[in-house]
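Chain by chain, the residues:
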Protein chains: 2
Amino acid sequence: MSNTKFWLILGLVLGLASLGVGLYYFFWVKKQDDGNARSREVAGWIRDGARAYLKKLYMALIIVAGIMAVILAVVYSIEGQRGIPTAVCFLFGALCSAIAGYLGMEVAVLANVRSAVAASKDLNTAFNVAFKAGAVMGFAVVGVATIGMCAIYLISGDAQLVLAYSLGCSSLALLAKAGGGIYTKTADIAADLVGKVEVGIPEDDPRNPAVVADNVGDNVGDVAGMGADIFDSYVASAVAAMLLGAAFGTSTDPVIAANAPMYTVLPLILCALGIVASLVGVYFVRVGENGKPGKALNMGTYITCGVFAILMAIVILVIPTINNSLIWAILAGTAVGVVIGQTTEFFTSDEYKPVQITAEYSGSGAAITIISGMSYGLISIVPSIIGIVVAMMVAYFVVGGGDMGLYGIAISAVGMLATSGMIVSSDAYGPIVDNARGIAEMSGMDEEVIDRADVLDSAGNTAKAITKGFSIAAAALTVLGLFVAFVSEINTATVIAFSSEGNVVGFAFSDISLMDPIVLAGIFLGSMCPPLFSALTMLSVTENAFKMIEYIRGVFKKNPKILEGKATPDYSECVSLAADGALKSLVLPAIIAIVFPLIVGFVLGPKGLTGFLGGAIITGVLFALFMSNAGGLWDNSKKYVEAGNFGGKGSEAHKAAVIGDTVGDPFKDTAGPSLNTLITVMSLVASTFAPVIAVWHLF
Amino acid sequence: MSNTKFWLILGLVLGLASLGVGLYYFFWVKKQDDGNARSREVAGWIRDGARAYLKKLYMALIIVAGIMAVILAVVYSIEGQRGIPTAVCFLFGALCSAIAGYLGMEVAVLANVRSAVAASKDLNTAFNVAFKAGAVMGFAVVGVATIGMCAIYLISGDAQLVLAYSLGCSSLALLAKAGGGIYTKTADIAADLVGKVEVGIPEDDPRNPAVVADNVGDNVGDVAGMGADIFDSYVASAVAAMLLGAAFGTSTDPVIAANAPMYTVLPLILCALGIVASLVGVYFVRVGENGKPGKALNMGTYITCGVFAILMAIVILVIPTINNSLIWAILAGTAVGVVIGQTTEFFTSDEYKPVQITAEYSGSGAAITIISGMSYGLISIVPSIIGIVVAMMVAYFVVGGGDMGLYGIAISAVGMLATSGMIVSSDAYGPIVDNARGIAEMSGMDEEVIDRADVLDSAGNTAKAITKGFSIAAAALTVLGLFVAFVSEINTATVIAFSSEGNVVGFAFSDISLMDPIVLAGIFLGSMCPPLFSALTMLSVTENAFKMIEYIRGVFKKNPKILEGKATPDYSECVSLAADGALKSLVLPAIIAIVFPLIVGFVLGPKGLTGFLGGAIITGVLFALFMSNAGGLWDNSKKYVEAGNFGGKGSEAHKAAVIGDTVGDPFKDTAGPSLNTLITVMSLVASTFAPVIAVWHLF
């Protein structure tokens, strides 16, 4: 069991199995009934729009990835390192991430119409179609990621190359996530503001020229974007722990140094075990005749976690050379994730005070709705931050602190993300059902079908409470792991760079003192990046939505027959407006993620760059929590009013709550979710360029 | 010139002179004409309301200060330190701060009506009354503060006791600022939402039951709160530099160690020079027959800065033992302050894109107004953060780095705040003129008077651009100075505490590594405090405003004659609603400021507490910038629309812009401005309890 090769091959095999299961479900979904000519036509518009956007996005990304690959190859070669392999692994990572995202999106646009058609028969079949489609994405993501990491490490034995692979995944994920987020909210806000507010037609009404763009957005934003996002965290958490494991090789403790290879491979073992657990969990997601879909999804998550915990504990105990206390580090992360999920629920569910009070205050106007929602959003970060701190401290101290403690923090993130197969499956289910509802509405299906789609939709929201807590805690622990890994990288690089001068000056952890003005300067500069990034993506949404609103108003003016239902609008114009706007808006955010850390590194040096990453992590976590929770709170406040409270639909409170919901849209679906990816990319860029920055810097 | 006593006595004399000038202006203002019976009646309501609130506030603060003084006396005595003197200095600080705030508020409620009456004659006299009233506050603040610090240090020769004095000032300032901010925005929002939006009566209309509370709010929030705020920064910046100067006594460099007393006194010398410069500057603030008040205020600021720079340079060059490069550190801070002021102007003035675009987007609904304003607010932090980083780096490196460099950062803050006499004078002018306008409207003065008041008001806004940049940069450098001073304190305390065990283990700067999970935990916990504090104060505003709105609606319903103008509403009810609400809302924020740092200190120890302060400083600066700039931007976007753009008053764009403005109100006048004081208090609490925390802590 101490043979690392055995585990790597097992990882490869399980990765292939995961991908196989994903493909099997894919063809199963494809075989389902896609209804009559009308539903096929509507689904076709959405599919074509989504494909067109993804094509444009990937074309743009090929250029970005190409440039970065060349830079990596050149820089690494100059530094006497493995330039070409690094560039190849980087491109491989980007490709894998793209494949997983593409597969997920393809199945989503097949599944939405099929789920709608199934809903016209019964709830269970509809649930089954949507969930299996989500599982395609889930298994594709973890399968492709595990195959990629195991293959690279099996061939090269070099964790650095896995790092390059991870940077490839994350760079692509950032642009897919941010671009998709901008796209989906541009279309959503424009469709709502003109459709619902100005001319008073319902959601998903075929008279609205932005309706197809809105539904395309759900696929490119929520499905493809989310897939790329989890892909990126999954790989990044593993690579952080691998780098720290590899660094054990230079430890002064001979026992730890000797076992460095096993610690390096442990993250990949956990990924493999997570695949097994997810396969078991997904198998148990079944809804009986009158069963509750939400419960079924949660059951799947609990079973997966339970199976994973048992497998993980057995394997760690069985491998004789591994520190057994790591079991507790991993379990602590998971436990905290569940707690965070529950407390987050308190701030965003309409069963508790924050949502209810915000809804009540809406009666005094939209300004009060906004202030109240923002305030609760800010307060909501407190339990999560305390949870993250507790998880970090436990993971560190339970294994004895020191280098092993830092590894403990990184590995607890891996443990939490190992179950991603199941978690993605139940997350991707949500937007698919949402889309099914849109198709049902647009193709004129019965009211009953729409009601069933609503039931399925709310099941997705119930399931989200747990997966959300998980993903917050996991993301925070991942970036902490990456942060530690970066310092370890730059330390090694400094030792190597200056050892030839006979003067080995390592870059010790204690050099990064909070008292050092260069570190402080880095922290300040880093801390402004996540807010700046959020602002730029949100501004893109308002700018693009403003343009689209002007366009839609023009359409209604030019052809009044559209509003009478006697003419069909041209849906493609809004689709390309949203796509082109989103792609153009990605330039500045990409610069923040990739160029800023390099500038800071080359000017302020390793100490400044460490501070920079620290600052970015802190505000990144803070703003991600704030924005997604405030957005969720406003969304549910609106729904709470719509359910008949404080005047119900059409009241002053409702109007104010709708404004709150619209403000929350880019918070929770554009800016918030991209922030984790942003800090991941920044950390990976820093780690990747560590060998160069260690040598060349101004201060 | 190397005799520190000489300088301390000079400081005392100049402090007394400053206070004397303030009192002279006070009686000059009091002598001015306060108009007819009606204007006296209206002014009387406002004066009584303001006094009643201040009385309640100070009664509450006496209790808080008493408890804290007892705790300080006991804890310090147990630790074998000077318990009683510490408690006495703490109470003395709170008292001085209260006196300065009280004087400023008293003159403001005298000056508002007198300025309004003067405006019925001509612009210049009205300007003169308002500005001289502002100068009362300005000179009272710097006079009392300088007297207090010089007296304590002259008698005791102990910078620690000045620290206790500073904690007294800041604790009071925090509660005065936050309480005043909640009060003023509660009344403002409630008055606007019911008055302007629901029943459609203009601003400051006497039919509105909340109109007096609204005007009282300007005095207790903007005048008294602001005075306490500057008092606190002024003293805190000086004490940070004094503590670092005193710590030079243990330096290994014999030249620096020998000159420690002079470095300790230098901050007080700069305060004294700043008083001279402010006296000169205020003398030159004159408006000719057709002169521009805004220009006159700026001219006063420039002259003050110029005179101060010359005096400061001469004195530093003349005192032989002082590092001459400190001149550059101080000038760098000032230069950066001006640059920050200009760039901040870009984001909040209606002459530039951000305000104009936000106004334009308002045509598409309030949600877009909010998202756009928030985004620009977040972007606006970028130039300020870069400016702060540059100022810090220059101040550190220009004097040679190391301990002297850290002192350079602290002293550059002192240099910027030394001119507070002039800056407060021109800042306090604004709300006084604003109030004069309210009184003119309520007591039925001519339209011409109101127009003149508007001209005076806009002059205040012009002047604010420069003083704002100053105060941002100064506050950031002050908290950085306090941060460094805290580490120095806890280091000394640790050495002293453990030296008796024959085992001198200092707490080195390098111990606070960003890699240490305890430090990281502290940073995370600290970083959540400013957002939490903002949220709690903003929630208090919405909660209290909601209650007041319900009350006002009830009044209009019960007595319809009020709206017809045939009956006078009872103004006192809203006044006490706002006062009681604000005072009750202070409990939680006070706990965050005072109890949180102690909990973290006793649990996580010195390292965790250092991280905690670092985290709080970062997000504190960030949120303060974001909130005040976003608030200013929304305010001016509304004004831009009201000036006739994008449909002008009454248009859809206007309605949306009004919602933006209302959201911005608690941003810029409640939460934002209290944050600097919050992080100051946290830092001072940490420093004051450093001797105890060094010995007693869990981790």
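Above this text you will find the structure in question.
First, a word on what this report is: a plain description of the structure on this page. (Residues numbered from 1 in each chain as written. Chains lettered and ligands numbered in written order. Predicted model: local features only at pLDDT ≥ 70, side-chain atom pairs only at ≥ 80, totals over all residues. Heavy atoms only, no water.)

## Quick look at the side chain of Ser375 of chain B
Along the chain, the position of Ser375 of chain B falls in helix α12 (residues 366-379). Residues in contact with Ser375 of chain B, not counting those within four places in the same chain, are Ala535, Met538 and Leu539 of chain A. (Helix = DSSP H or I, 4+ residues; strand = E, 2+ residues; numbered from the N terminus. Contact = heavy atoms within 4.5 Å.)

## Observations concerning the relation of the copies chain A and chain B
For the pair chain A and chain B, the superposition axis carries a translation of 0.0 Å, the fit reaches an RMSD of 0.0 Å, and the rotation angle comes to 180 degrees. Seen this way, the second copy is the image of the first under a two-fold rotation axis. Residue Ser513 of chain A, judged by its C-alpha, is the member of chain A lying nearest the rotation axis, at 2.3 Å. Comparing interface residues between copies, 100% of those in chain A also lie at the interface in chain B; the contact surface is shared. (Least-squares fit on C-alpha atoms with pLDDT ≥ 70 in both.)

## So, the interface of chain A and chain B
Each partner contributes residues to the interface: chain A has 74 residues there, and chain B has 74 residues. At the boundary of chain A with chain B, total buried surface from both sides reaches about 6,700 Å², with 88% on carbon and sulfur atoms. Counting across the interface, chain A meets chain B through zero salt bridges. Between chain A and chain B we count two residue pairs in polar contact (both at pLDDT 80 or more) in total. If one sorts the elements of the side of chain A that touches chain B by residue count, helix α17 (residues 517-558) of chain A sits on top with 21 residues. Of the residues contributing to the side of chain A that touches chain B, the split by class is 59 nonpolar, 12 polar and three charged. (Buried area = accessible area lost by both parts, 1.4 Å probe. Salt bridge = Lys/Arg side-chain N within 4 Å of Asp/Glu carboxyl O. Polar contact = N/O pair within 3.5 Å; in protein donor to acceptor, adjacent residues only side chain to side chain. Nonpolar A, V, L, I, M, F, W, Y, C, P; charged D, E, K, R; others polar.)

## Description of the pattern of salt bridges
Working definition: two side chains of opposite charge can pair if their charged atoms are close together. Scanning all chains against the criterion turns up 54 salt bridges over all chains. Of the charged contacts in the structure, one is a salt bridge between Arg553 of chain A and Glu198 of chain A, with a shortest N-O distance of 2.4 Å. On the criterion of sequence distance, the pair formed by Arg553 of chain A in helix α17 and Glu198 of chain A in helix α5 (residues 159-199) is long-range, its members being 355 residues apart. Overall, the relative accessible area of 27% leaves Arg553 of chain A in the partly exposed class. Two residues, Asp454 of chain B and Arg437 of chain B, come together in a salt bridge whose shortest N-O distance is 2.9 Å. Highlighted residues: Asp454 of chain B in helix α16 (residues 447-499) and Arg437 of chain B in helix α15 (residues 420-442), separated in sequence by 17 residues. (Buried < 20%, exposed > 50% of the residue type's maximum accessible area, 1.4 Å probe, protein only.)

## Some remarks on the side chain of Thr184 of chain A
All names here are of chain A. Structurally, Thr184 is set in helix α5. On the basis of relative accessibility, which here comes to 1%, the residue Thr184 falls in the buried class. Among the polar contacts made by the side chain of Thr184, one reaches the main-chain carbonyl oxygen of Gly217 at a distance of 3.4 Å. The contact partners of Thr184, leaving out residues within four places of it in the chain, are Gly217, Asp218 and Gly221.

## A look at the packing of aromatic side chains
Applying the stated criterion to the full structure yields 41 aromatic pairs over all chains. Between Phe623 of chain A and Phe626 of chain A the ring centres are 6.3 Å apart and the planes differ by 75 degrees, which places this aromatic pair in the edge-to-face class. Placement of the pair is Phe623 of chain A and Phe626 of chain A together in helix α19 (residues 587-642), with a separation of three residues, close to one helical turn. Accessibility expressed as a relative area gives 4% for Phe623 of chain A, which makes it buried. With 5.5 Å between their ring centres and 90 degrees between their planes, Tyr283 of chain B and Phe284 of chain B make a pair best called edge-to-face. A cation over an aromatic ring shows up here: Arg286 of chain A above the ring of Tyr283 of chain A, its NZ or CZ 4.5 Å from the ring centre. (Phe/Tyr/Trp six-rings, centres within 6.5 Å; stacked < 30°, edge-to-face > 60°. Lys NZ or Arg CZ within 6 Å of the ring centre and 35° of its normal.)

## Thoughts on a nonpolar patch on the surface
On the surface, a cluster of nonpolar side chains totalling about 780 Å² of accessible area is made up of Phe397 of chain A together with Val587, Leu588, Ile591, Val595, Ile599, Val603, Leu698 and Phe699 of chain B. Looking at which element gives the most residues to the nonpolar patch, the answer is helix α20 (residues 587-642) of chain B, with six residues. On the secondary structure map, Val587 of chain B appears in helix α20. (Patch = residues over 30% accessible without salt bridge, like charges linked within 9 Å, V, L, I, M, F, W, Y side chains within 5 Å. Areas by Shrake-Rupley, 256 points an atom, 1.4 Å probe, with all protein chains shown as cover.)

## What to know about helix α14 (residues 402-417) of chain B
Side chains three or four residues apart in an α-helix point the same way, a direct result of the helix having 3.6 residues per turn. Spanning 16 residues, α14 of chain B covers 24 Å between terminal C-alpha atoms, matching the ideal 22 Å at 1.5 Å per step. Counting buried positions along α14 of chain B gives 14 out of 16 residues, so the element sits mostly inside the fold. (Expected span 1.5 Å × (residues − 1).)

## Quick notes on α12 of chain B
Compared with an ideal rise of 1.5 Å per residue, which puts 14 residues at 20 Å, α12 of chain B spans 20 Å between its outermost C-alpha atoms and is within 8% of the ideal. In terms of burial, α12 of chain B is a largely internal element, 14 of the 14 residues being buried.

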